[in-house]
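Descriptive structure summary
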Amino acid sequence: MSADTNEVLSRRGFLAISAATLGGVMLAPGVRLIEIAAARAPEQPVSRKVRWGLLIDTNKCAPGCDDCVKACATENGLKNTGHPRTDAQWIRKVELKDMRTGRTNSVPVMCQHCEEPPCVDVCPTGASFKRADGIVLVDRHICIGCRYCMMACPYKARSIVFQSISDQNPDVPRGNGCAEGCTLCVHRVDRDQQPACVEACTKAGHNAMIFGDLNDPHSEIAQRVAKYASTQIRADLQLNPGVRYQGL
Amino acid sequence: MKHNGIGASAGRIARAICLLALLLPVLAFASDRVPKPVIDIARPGKCVEDTATMRREHPDMLKHQRDLTMHEGIRTQKHSLKECISCHASTKTGSVLGNNGFCQSCHEYASVKIDCFNCHASKPKRIAGATP
(Lines give C-alpha, C1' and ligand atoms only; values in the text may rest on other atoms or scores of the structure.)
Protein backbone atom coordinates (compact mmCIF):
# COMPACT_ATOMS: atom_id res chain seq x y z
CA MET A 1 0.00 0.00 0.00
CA SER A 2 2.69 2.42 1.03
CA ALA A 3 4.81 1.42 -1.93
CA ASP A 4 1.85 2.21 -4.21
CA THR A 5 1.39 5.62 -2.62
CA ASN A 6 5.07 6.36 -3.00
CA GLU A 7 4.95 5.40 -6.63
CA VAL A 8 1.94 7.63 -7.29
CA LEU A 9 3.57 10.53 -5.50
CA SER A 10 6.84 10.14 -7.29
CA ARG A 11 5.08 9.97 -10.65
CA ARG A 12 3.10 13.07 -9.78
CA GLY A 13 6.27 14.80 -8.65
CA PHE A 14 7.94 13.85 -11.91
CA LEU A 15 5.02 15.23 -13.93
CA ALA A 16 5.08 18.48 -11.99
CA ILE A 17 8.81 18.88 -12.52
CA SER A 18 8.59 18.15 -16.24
CA ALA A 19 5.66 20.57 -16.64
CA ALA A 20 7.62 23.27 -14.83
CA THR A 21 10.64 22.64 -17.03
CA LEU A 22 8.57 22.74 -20.22
CA GLY A 23 6.82 25.90 -19.06
CA GLY A 24 10.12 27.48 -18.25
CA VAL A 25 11.54 26.94 -21.72
CA MET A 26 12.15 30.29 -23.33
CA LEU A 27 10.13 30.86 -26.49
CA ALA A 28 12.08 33.98 -27.30
CA PRO A 29 14.60 35.86 -25.19
CA GLY A 30 12.78 36.85 -22.04
CA VAL A 31 9.40 35.37 -23.09
CA ARG A 32 8.34 32.20 -21.35
CA LEU A 33 5.34 29.98 -22.05
CA ILE A 34 4.47 29.99 -18.37
CA GLU A 35 5.97 32.43 -15.92
CA ILE A 36 7.71 30.47 -13.21
CA ALA A 37 5.88 32.10 -10.35
CA ALA A 38 7.90 32.74 -7.24
CA ALA A 39 4.78 32.00 -5.21
CA ARG A 40 4.74 33.39 -1.70
CA ALA A 41 3.88 30.96 1.08
CA PRO A 42 0.79 31.97 3.13
CA GLU A 43 2.92 32.54 6.25
CA GLN A 44 5.40 34.74 4.40
CA PRO A 45 4.85 38.52 4.61
CA VAL A 46 4.59 40.59 1.42
CA SER A 47 7.90 41.74 0.05
CA ARG A 48 9.16 45.22 -0.72
CA LYS A 49 10.88 43.75 -3.78
CA VAL A 50 7.51 43.37 -5.53
CA ARG A 51 5.65 46.36 -6.97
CA TRP A 52 2.27 45.32 -8.30
CA GLY A 53 1.06 47.31 -11.25
CA LEU A 54 -1.53 47.47 -13.99
CA LEU A 55 -1.03 48.41 -17.59
CA ILE A 56 -4.13 49.46 -19.50
CA ASP A 57 -3.96 49.59 -23.28
CA THR A 58 -6.55 52.22 -24.17
CA ASN A 59 -6.36 51.30 -27.87
CA LYS A 60 -7.92 47.94 -27.00
CA CYS A 61 -10.45 49.33 -24.49
CA ALA A 62 -13.75 49.68 -26.32
CA PRO A 63 -16.08 52.59 -25.50
CA GLY A 64 -19.21 51.38 -23.75
CA CYS A 65 -17.63 48.10 -22.64
CA ASP A 66 -17.88 47.70 -18.87
CA ASP A 67 -16.81 44.09 -18.41
CA CYS A 68 -14.15 45.15 -15.88
CA VAL A 69 -16.62 47.26 -13.89
CA LYS A 70 -19.12 44.40 -13.73
CA ALA A 71 -16.46 41.87 -12.75
CA CYS A 72 -15.28 44.19 -9.98
CA ALA A 73 -18.81 44.58 -8.63
CA THR A 74 -19.39 40.83 -8.63
CA GLU A 75 -16.05 39.98 -7.04
CA ASN A 76 -16.19 42.62 -4.33
CA GLY A 77 -19.93 42.53 -3.67
CA LEU A 78 -20.66 46.11 -4.76
CA LYS A 79 -24.41 46.24 -5.13
CA ASN A 80 -26.73 48.86 -6.49
CA THR A 81 -28.54 50.26 -3.45
CA GLY A 82 -30.72 52.57 -5.53
CA HIS A 83 -28.56 55.59 -4.69
CA PRO A 84 -26.26 55.82 -7.71
CA ARG A 85 -24.75 59.15 -6.63
CA THR A 86 -23.45 57.78 -3.35
CA ASP A 87 -22.92 54.10 -4.13
CA ALA A 88 -19.37 52.87 -3.69
CA GLN A 89 -17.43 52.89 -6.93
CA TRP A 90 -14.11 51.09 -7.12
CA ILE A 91 -13.65 51.30 -10.87
CA ARG A 92 -15.40 53.41 -13.51
CA LYS A 93 -15.16 53.96 -17.23
CA VAL A 94 -14.19 57.48 -18.25
CA GLU A 95 -14.76 58.64 -21.83
CA LEU A 96 -12.25 61.23 -23.02
CA LYS A 97 -12.38 63.36 -26.13
CA ASP A 98 -9.66 65.59 -27.55
CA MET A 99 -11.71 68.61 -28.63
CA ARG A 100 -9.15 69.68 -31.22
CA THR A 101 -8.75 66.39 -33.05
CA GLY A 102 -11.94 64.62 -32.06
CA ARG A 103 -10.01 61.51 -30.97
CA THR A 104 -11.86 59.61 -28.25
CA ASN A 105 -10.55 57.33 -25.55
CA SER A 106 -12.37 55.13 -23.12
CA VAL A 107 -10.40 54.25 -20.01
CA PRO A 108 -11.10 52.39 -16.80
CA VAL A 109 -10.01 54.43 -13.77
CA MET A 110 -9.57 52.96 -10.33
CA CYS A 111 -7.24 53.50 -7.37
CA GLN A 112 -3.89 54.16 -9.03
CA HIS A 113 -1.92 52.59 -6.16
CA CYS A 114 0.52 55.48 -5.89
CA GLU A 115 3.99 55.10 -4.54
CA GLU A 116 3.40 58.34 -2.60
CA PRO A 117 -0.31 58.06 -1.85
CA PRO A 118 -1.96 61.32 -0.69
CA CYS A 119 -4.72 59.29 1.00
CA VAL A 120 -2.09 57.79 3.31
CA ASP A 121 -0.59 61.21 4.05
CA VAL A 122 -3.89 62.69 5.20
CA CYS A 123 -5.34 59.74 7.11
CA PRO A 124 -5.57 60.76 10.78
CA THR A 125 -5.68 57.22 12.16
CA GLY A 126 -3.32 55.30 9.90
CA ALA A 127 -6.16 53.28 8.41
CA SER A 128 -5.20 54.25 4.87
CA PHE A 129 -1.88 52.56 4.23
CA LYS A 130 0.39 51.19 1.54
CA ARG A 131 1.38 47.55 1.73
CA ALA A 132 5.05 46.70 1.15
CA ASP A 133 4.22 45.39 -2.33
CA GLY A 134 2.68 48.72 -3.37
CA ILE A 135 -1.03 47.98 -2.90
CA VAL A 136 -2.84 50.88 -1.20
CA LEU A 137 -5.55 49.70 1.18
CA VAL A 138 -7.93 50.85 3.93
CA ASP A 139 -7.73 48.99 7.22
CA ARG A 140 -11.40 49.11 8.14
CA HIS A 141 -10.60 48.09 11.70
CA ILE A 142 -9.00 51.51 12.17
CA CYS A 143 -11.01 53.68 9.70
CA ILE A 144 -13.24 56.22 11.40
CA GLY A 145 -15.02 57.28 8.21
CA CYS A 146 -13.73 60.87 8.21
CA ARG A 147 -13.38 60.87 4.38
CA TYR A 148 -10.16 62.92 4.31
CA CYS A 149 -8.78 60.32 1.89
CA MET A 150 -11.70 60.90 -0.47
CA MET A 151 -10.84 64.60 -0.51
CA ALA A 152 -7.11 64.00 -0.94
CA CYS A 153 -7.27 61.48 -3.78
CA PRO A 154 -6.73 63.24 -7.14
CA TYR A 155 -8.29 60.26 -8.94
CA LYS A 156 -11.61 60.20 -7.03
CA ALA A 157 -10.84 56.58 -6.30
CA ARG A 158 -12.17 56.37 -2.75
CA SER A 159 -15.79 55.92 -1.71
CA ILE A 160 -17.56 55.71 1.60
CA VAL A 161 -20.24 53.19 2.45
CA PHE A 162 -23.45 54.83 3.64
CA GLN A 163 -25.59 51.78 4.21
CA SER A 164 -25.35 48.59 6.22
CA ILE A 165 -24.15 45.74 4.08
CA SER A 166 -24.97 42.06 4.37
CA ASP A 167 -23.96 38.95 2.42
CA GLN A 168 -20.46 40.16 1.69
CA ASN A 169 -17.93 38.04 -0.11
CA PRO A 170 -16.08 36.39 2.84
CA ASP A 171 -12.81 37.44 1.19
CA VAL A 172 -13.89 41.09 0.90
CA PRO A 173 -15.25 42.45 4.19
CA ARG A 174 -17.10 45.76 3.69
CA GLY A 175 -19.22 47.78 6.03
CA ASN A 176 -21.11 50.94 6.80
CA GLY A 177 -19.08 54.03 7.68
CA CYS A 178 -15.75 53.01 6.21
CA ALA A 179 -13.84 54.46 3.28
CA GLU A 180 -12.89 51.99 0.60
CA GLY A 181 -11.42 51.71 -2.86
CA CYS A 182 -9.89 49.29 -5.33
CA THR A 183 -7.70 46.77 -3.52
CA LEU A 184 -6.23 45.33 -6.75
CA CYS A 185 -8.21 42.29 -5.55
CA VAL A 186 -5.58 41.77 -2.87
CA HIS A 187 -7.24 38.55 -1.72
CA ARG A 188 -6.79 37.11 -5.20
CA VAL A 189 -3.28 38.50 -5.64
CA ASP A 190 -2.25 36.77 -2.40
CA ARG A 191 -3.45 33.50 -3.97
CA ASP A 192 -1.38 34.15 -7.13
CA GLN A 193 -4.47 35.09 -9.13
CA GLN A 194 -5.14 38.14 -11.28
CA PRO A 195 -7.50 40.94 -10.23
CA ALA A 196 -11.10 40.29 -11.28
CA CYS A 197 -11.14 43.17 -13.80
CA VAL A 198 -8.03 41.89 -15.59
CA GLU A 199 -9.37 38.36 -15.64
CA ALA A 200 -12.71 39.51 -17.10
CA CYS A 201 -11.00 41.68 -19.74
CA THR A 202 -8.78 38.80 -20.85
CA LYS A 203 -11.65 36.29 -20.73
CA ALA A 204 -13.76 38.49 -23.00
CA GLY A 205 -10.84 38.62 -25.44
CA HIS A 206 -10.14 42.36 -25.13
CA ASN A 207 -6.71 41.87 -23.53
CA ALA A 208 -6.63 45.56 -22.66
CA MET A 209 -5.35 45.05 -19.09
CA ILE A 210 -2.15 43.45 -17.86
CA PHE A 211 -1.38 42.86 -14.21
CA GLY A 212 2.02 42.00 -12.84
CA ASP A 213 5.14 42.90 -10.93
CA LEU A 214 6.72 46.08 -12.28
CA ASN A 215 9.98 45.25 -10.50
CA ASP A 216 10.40 41.84 -12.12
CA PRO A 217 12.21 42.35 -15.44
CA HIS A 218 10.84 39.02 -16.72
CA SER A 219 7.16 39.92 -16.16
CA GLU A 220 5.05 40.83 -19.17
CA ILE A 221 4.07 44.18 -17.69
CA ALA A 222 7.67 45.23 -16.99
CA GLN A 223 8.70 44.30 -20.52
CA ARG A 224 5.78 46.14 -22.08
CA VAL A 225 6.44 49.24 -19.99
CA ALA A 226 10.11 49.12 -20.96
CA LYS A 227 9.33 48.76 -24.66
CA TYR A 228 6.28 50.95 -25.30
CA ALA A 229 5.36 54.46 -24.22
CA SER A 230 2.96 54.48 -21.30
CA THR A 231 1.67 57.34 -19.19
CA GLN A 232 0.47 57.85 -15.67
CA ILE A 233 -2.61 59.99 -15.09
CA ARG A 234 -1.68 63.31 -13.48
CA ALA A 235 2.01 62.43 -13.69
CA ASP A 236 2.65 66.09 -12.77
CA LEU A 237 1.69 65.29 -9.19
CA GLN A 238 4.70 62.95 -8.99
CA LEU A 239 2.83 60.30 -7.03
CA ASN A 240 4.23 57.51 -9.25
CA PRO A 241 1.03 55.47 -9.64
CA GLY A 242 1.32 51.71 -10.21
CA VAL A 243 -1.44 51.93 -12.84
CA ARG A 244 -0.18 53.01 -16.24
CA TYR A 245 -1.99 53.73 -19.50
CA GLN A 246 -0.88 53.03 -23.03
CA GLY A 247 -2.18 55.11 -25.93
CA LEU A 248 -3.54 58.04 -23.95
CA MET B 1 -35.17 53.72 72.31
CA LYS B 2 -37.07 54.96 69.30
CA HIS B 3 -33.78 55.86 67.65
CA ASN B 4 -32.43 52.35 68.25
CA GLY B 5 -35.56 50.80 66.69
CA ILE B 6 -35.01 52.67 63.41
CA GLY B 7 -31.34 51.60 63.37
CA ALA B 8 -32.21 47.96 63.94
CA SER B 9 -34.85 47.89 61.18
CA ALA B 10 -32.45 49.62 58.71
CA GLY B 11 -29.82 47.01 59.55
CA ARG B 12 -32.31 44.22 58.98
CA ILE B 13 -33.27 45.65 55.56
CA ALA B 14 -29.62 46.04 54.59
CA ARG B 15 -28.91 42.46 55.59
CA ALA B 16 -31.87 41.24 53.57
CA ILE B 17 -30.69 43.16 50.51
CA CYS B 18 -27.19 41.73 50.85
CA LEU B 19 -28.56 38.21 51.18
CA LEU B 20 -30.78 38.72 48.11
CA ALA B 21 -27.84 40.07 46.09
CA LEU B 22 -25.78 37.03 47.01
CA LEU B 23 -28.63 34.66 46.25
CA LEU B 24 -29.74 36.21 42.94
CA PRO B 25 -27.15 34.58 40.64
CA VAL B 26 -27.69 31.26 42.39
CA LEU B 27 -31.45 31.62 41.95
CA ALA B 28 -30.99 32.56 38.32
CA PHE B 29 -28.95 29.46 37.62
CA ALA B 30 -31.21 27.24 39.69
CA SER B 31 -34.36 28.34 37.92
CA ASP B 32 -32.79 28.48 34.42
CA ARG B 33 -34.08 32.00 34.00
CA VAL B 34 -31.05 32.97 31.92
CA PRO B 35 -30.96 30.92 28.74
CA LYS B 36 -27.63 29.16 28.32
CA PRO B 37 -25.75 29.73 25.08
CA VAL B 38 -26.33 27.12 22.41
CA ILE B 39 -23.05 25.56 21.43
CA ASP B 40 -23.97 23.59 18.37
CA ILE B 41 -20.90 22.72 16.33
CA ALA B 42 -21.68 21.56 12.83
CA ARG B 43 -18.30 19.96 12.27
CA PRO B 44 -17.32 18.54 15.64
CA GLY B 45 -13.66 17.83 16.09
CA LYS B 46 -10.62 19.53 17.45
CA CYS B 47 -10.46 23.31 17.38
CA VAL B 48 -7.14 25.05 16.72
CA GLU B 49 -6.54 25.40 20.48
CA ASP B 50 -8.10 23.74 23.52
CA THR B 51 -11.53 24.91 24.64
CA ALA B 52 -10.37 26.91 27.67
CA THR B 53 -7.80 28.82 25.59
CA MET B 54 -10.33 29.47 22.84
CA ARG B 55 -12.95 30.79 25.28
CA ARG B 56 -10.55 33.19 26.92
CA GLU B 57 -8.24 34.20 24.12
CA HIS B 58 -10.14 34.08 20.82
CA PRO B 59 -10.52 37.88 20.61
CA ASP B 60 -6.75 38.37 20.97
CA MET B 61 -6.00 35.67 18.42
CA LEU B 62 -8.39 37.22 15.91
CA LYS B 63 -7.03 40.70 16.51
CA HIS B 64 -3.43 39.55 16.08
CA GLN B 65 -4.26 37.61 12.92
CA ARG B 66 -6.27 40.46 11.40
CA ASP B 67 -3.29 42.84 11.61
CA LEU B 68 -0.94 40.29 10.06
CA THR B 69 -3.38 39.59 7.22
CA MET B 70 -4.32 43.19 6.57
CA HIS B 71 -0.85 44.75 6.70
CA GLU B 72 1.53 41.94 5.78
CA GLY B 73 -0.64 39.75 3.58
CA ILE B 74 -0.12 36.71 5.81
CA ARG B 75 -3.09 34.46 5.15
CA THR B 76 -2.48 31.41 7.32
CA GLN B 77 -5.68 29.58 8.17
CA LYS B 78 -5.09 28.70 11.82
CA HIS B 79 -6.44 31.83 13.52
CA SER B 80 -8.38 33.33 10.64
CA LEU B 81 -11.95 34.47 11.16
CA LYS B 82 -12.94 32.95 7.83
CA GLU B 83 -11.87 29.51 9.04
CA CYS B 84 -13.75 29.98 12.36
CA ILE B 85 -16.90 30.74 10.40
CA SER B 86 -16.53 27.89 7.95
CA CYS B 87 -16.33 25.41 10.84
CA HIS B 88 -18.77 26.99 13.27
CA ALA B 89 -21.59 28.13 10.98
CA SER B 90 -24.90 26.46 11.83
CA THR B 91 -26.01 23.68 9.51
CA LYS B 92 -29.56 25.06 9.59
CA THR B 93 -29.01 28.75 8.91
CA GLY B 94 -25.49 28.52 7.48
CA SER B 95 -24.49 31.40 9.74
CA VAL B 96 -22.67 32.03 13.03
CA LEU B 97 -25.28 34.67 13.87
CA GLY B 98 -28.98 34.25 14.69
CA ASN B 99 -30.51 33.12 17.98
CA ASN B 100 -28.70 29.80 18.08
CA GLY B 101 -25.69 30.95 16.09
CA PHE B 102 -22.33 29.92 17.55
CA CYS B 103 -21.02 33.48 17.96
CA GLN B 104 -24.22 35.33 18.75
CA SER B 105 -25.69 33.00 21.36
CA CYS B 106 -22.55 33.10 23.49
CA HIS B 107 -21.97 36.82 23.04
CA GLU B 108 -25.56 37.54 24.00
CA TYR B 109 -25.17 35.42 27.12
CA ALA B 110 -21.97 37.26 28.06
CA SER B 111 -23.49 40.59 26.96
CA VAL B 112 -20.49 41.44 24.77
CA LYS B 113 -21.17 43.21 21.49
CA ILE B 114 -19.54 41.70 18.39
CA ASP B 115 -18.44 44.20 15.76
CA CYS B 116 -16.91 41.67 13.36
CA PHE B 117 -20.04 41.08 11.35
CA ASN B 118 -20.71 44.73 10.54
CA CYS B 119 -18.15 44.13 7.79
CA HIS B 120 -17.32 40.42 7.73
CA ALA B 121 -19.63 37.85 6.19
CA SER B 122 -21.29 35.67 8.81
CA LYS B 123 -21.63 32.79 6.38
CA PRO B 124 -18.89 30.77 4.70
CA LYS B 125 -18.38 31.17 0.99
CA ARG B 126 -20.72 29.06 -1.08
CA ILE B 127 -18.69 26.77 -3.26
CA ALA B 128 -20.30 25.95 -6.60
CA GLY B 129 -21.76 22.46 -6.55
CA ALA B 130 -21.41 22.03 -2.79
CA THR B 131 -24.46 21.16 -0.72
CA PRO B 132 -25.15 23.72 1.98
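Before any of the text, the structure's been laid out above.
No experiment lies behind these values; they were computed from the predicted model shown. (Residues numbered from 1 in each chain as written. Chains lettered and ligands numbered in written order. Predicted model: local features only at pLDDT ≥ 70, side-chain atom pairs only at ≥ 80, totals over all residues.)

Turning to the environment of Arg 224 of chain A, a few remarks are in order. Residue and element names in this part refer to chain A. The residue Arg 224 is located in helix α7 (residues 220-227) in this model. For the pair Arg 224 and Val 50, spaced 174 residues apart in sequence, the C-alpha separation works out to 17 Å. Filtering out sequence-adjacent residues up to four positions away, Arg 224 remains in contact with Leu 55 and Ile 210. (Helix = DSSP H or I, 4+ residues; strand = E, 2+ residues; numbered from the N terminus. Contact = placed C-beta atoms within 7 Å.)

Okay, the interface of chain B and chain A next. Of the residues lining the interface, 15 residues belong to chain B; the matching set on chain A comes to 18 residues. Contributing elements (two or more residues each) for the side of chain B that touches chain A: α2 (51-72) and α5 (116-119) of chain B. In terms of residue class, the side of chain B that touches chain A is made up of five nonpolar, five polar and five charged. (Nonpolar A, V, L, I, M, F, W, Y, C, P; charged D, E, K, R; others polar.)

Another point: the pairing of strand β3 (residues 52-57) of chain A. Residue and element names in this part refer to chain A. For β3, a buried count of six out of six residues is recorded, marking the element as mostly surrounded by other parts of the structure. What you see with β3 is no split at all: Trp 52, Leu 54 and Ile 56 on one side and Gly 53, Leu 55 and Asp 57 on the other are buried throughout. Relative to strand β11 (residues 243-246), β3 runs parallel, the two sharing four bridges. Bridge pairing in β11 places Ile 56 opposite Tyr 245. (Buried ≥ 20, exposed ≤ 12 C-beta atoms within 10 Å, placed from the backbone. Pairing = 2+ DSSP bridges.)

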